[in-house]
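These are the residues of each chain, in order.
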Amino acid sequence: MGSQEDYELLMEKAFKGESLPVRESATRWLGKFGERAVEPLSVLVKDKFPRVRSSAVEALADTSSVRAIPVLQAVLGNESEDGRIRALAMRKLYSLGKVQSKQE
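Described in the following lines is the structure provided in the data block. (Residues numbered from 1 in each chain as written. Predicted model: local features only at pLDDT ≥ 70, side-chain atom pairs only at ≥ 80, totals over all residues. Heavy atoms only, no water.)

### Focus on the packing of aromatic side chains
For the structure on display, the rule yields one aromatic pair. When the ring centre of tyrosine 7 is taken as origin, the NZ or CZ atom of arginine 36, which lies over that ring, is 4.6 Å away. (Phe/Tyr/Trp six-rings, centres within 6.5 Å; stacked < 30°, edge-to-face > 60°. Lys NZ or Arg CZ within 6 Å of the ring centre and 35° of its normal.)

Rendered as structure tokens:
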């Protein structure tokens with residue numbers, strides 16, 4: 001993993017995969033490419049399929065990029081988003097130290 005060919009293959013599968021499980025898996029693996037994956041993942045968090053959106057949230061946290069933080073915050077603040085995906089975004093932000101505890 002890590003070559004431009006790998007990245008391009010995952011991008012193709014994430015956006016145009018032949019099945020939902022392929023799209024979901026490719027989306028999740030994009031996070032391993034760090035900074036360069038933030039932009040496409042910020043599109044995938046708005047996908048029509050919840051499993052792809054969930055994978056994109058997971059992958060954004062895996063990028064370890066500060067550019068992923070506002071995208072995750074937007075997911076968390078989107079009241080029309082599935083509650084499980086919003087909760088996942090909150091956990092990922094919390095693990096990155098970007099959500100303040102209510103007790104603080």
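That shown, we press on.
### Focus on helix H1 (residues 4–16)
Residues three or four positions apart in an α-helix share a direction because the helix packs 3.6 residues into each turn. Taking 1.5 Å of rise per residue, the 13 residues of H1 would be expected to cover 18 Å, and the 18 Å separating its terminal C-alpha atoms lies within 8% of that figure. Along H1, the residues classified as buried are Tyr7, Leu10 and Ala14. Considered in projection along H1, the buried side chains sweep an arc of 70 degrees and stay on one side of the axis. Pointing more than 90 degrees away from the buried face of H1 are the exposed residues Glu5 and Lys16. Contacts from the buried residues of H1 go to helix H2 (20–30) and helix H3 (38–44). (Helix = DSSP H or I, 4+ residues; strand = E, 2+ residues; numbered from the N terminus. Expected span 1.5 Å × (residues − 1). Buried < 20%, exposed > 50% of the residue type's maximum accessible area, 1.4 Å probe, protein only. Arc of directions from axis to C-beta. Contact = heavy atoms within 4.5 Å.)

### Looking at the nonpolar core
By size, the foremost hydrophobic cluster in this structure holds 25 residues, and its most contacted members are Leu30, Leu41, Leu44, Val45, Val57 and Leu60. Put simply, the parts of the chain that give this core at least two residues each are H1, H2, H3, helix H4 (50–63), helix H5 (68–77) and helix H6 (83–95). Not counting the four nearest positions on each side in its chain, leucine 44 is found in contact with Ala14, Phe15, Arg23, Thr27, Leu30, Val52, Arg53 and Ala56. (Core = buried A, V, L, I, M, F, W, Y, C linked by side-chain atoms within 4.5 Å.)

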